[in-house]
Amino acid sequence: MEQNLADFKIIGISIESTNEGGKSIEEMGQLWGKFYSDGISEKIPNKESDDVYSIFTDYESDYTGKYTAIIGHKVKSLDEIPDGLVGREFKGGKYTKLVAKGEMPNAIVDLWKKVWKEDKELKRRYTADFEVYGAKSQNGAESEVDVFIATE
């Protein structure tokens with residue numbers, strides 16, 4: 001389902017990764033672990049909601065190249081970015097919304113594999129793609145995570 005999204009701001013923690021050789025699955029697992037073990041959520045000021053965003057941006061090329069991953073929250077302002085965290089603003093625009101349904105993180109991994117297979121058909125922009133972990137994301141086999149892919 002296509003949607004036009006407004007510009008938005010995120011504060012969180014980040015890494016540079018790649019999908020090559022399953023590297024991102026391991027590194028994203030570590031980043032999620034750090035997000036929770038270090039209480040990052042509580043450190044983020046001006047949060048718009050408790051939804052957690054996992055953003056993929058700064059693409060070197062396409063899904064086969066390096067990119068930056070950020071886990072954090074959508075915020076009202078980037079005026080106050082705590083030490084050790086990153087703050088970024090992302091341009092809105094046209095996005096295709098998909099929903100990963102099932103046990104996490106397997107459902108999200110499967111959805112991304114499908115997105116990579118349909119890379120050309122989706123007409124991806126490779127600006128910023130993101131996952132939104134809201135109220136339905138922690139429901140075991142009934143979990144749902146919204147995934148937004150930037151498209152032309």
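A brief structural summary. Every value quoted in this text rests on a predicted model; they were computed, and no experiment measured them.

### Digging into the overall build of the protein
Okay, step 1: Check the secondary structure of the protein and you find 4 helices and 8 strands.
Okay, step 2: The linear arrangement of helices and strands in the protein, starting from the amino end, is β-β-α-α-β-β-β-β-α-α-β-β.
Okay, step 3: Relative to a compact globule of 152 residues, whose C-alpha radius of gyration would be 15 Å, the protein shows 15 Å and is just as compact.
Okay, step 4: Projected onto its principal axes, the C-alpha positions of the protein cover 40 × 30 × 30 Å.
Okay, step 5: Within the protein, the proportion of its 152 residues that are buried is 44%.
Okay, step 6: Surface accessibility of the protein: about 8,100 Å² in total, with carbon and sulfur atoms responsible for 47%.
Okay, step 7: Each charge class in the protein was averaged separately, 21 positive and 29 negative side chains, and the resulting centres sit 3 Å apart.

### With respect to the nonpolar core
Okay, step 1: Membership of the largest hydrophobic core comes to 29 residues, with the highest contact counts inside it found for Met 28, Phe 56, Ile 71, Ile 108 and Trp 112.
Okay, step 2: Within the residue set of this core, elements represented by two or more residues are strand S2 (8–18), helix H1 (23–37), strand S3 (52–57), strand S4 (66–75), helix H3 (106–117) and strand S8 (144–150).
Okay, step 3: Apart from the residues within four sequence positions on either side, Trp 112 is in contact with Phe 56, Arg 124, Asp 129, Glu 131, Val 147 and Ile 149.
Okay, step 4: In this structure, Ile 55, Ile 70, Phe 90 and Ala 150 belong to the second largest nonpolar core, which totals 12 residues.

About the thresholds
- Residues numbered from 1 in each chain as written.
- Predicted model: local features only at pLDDT ≥ 70, side-chain atom pairs only at ≥ 80, totals over all residues.
- Heavy atoms only, no water.
- Helix = DSSP H or I, 4+ residues; strand = E, 2+ residues; numbered from the N terminus.
- Rg over C-alpha atoms; globule rule 2.2 N^0.38 Å.
- Buried < 20%, exposed > 50% of the residue type's maximum accessible area, 1.4 Å probe, protein only.
- Areas by Shrake-Rupley, 256 points an atom, 1.4 Å probe, with all protein chains shown as cover.
- Lys, Arg positive; Asp, Glu negative; His and termini not counted.
- Charge placed at Lys NZ, Arg CZ, Asp CG, Glu CD.
- Core = buried A, V, L, I, M, F, W, Y, C linked by side-chain atoms within 4.5 Å.
- Contact = heavy atoms within 4.5 Å.

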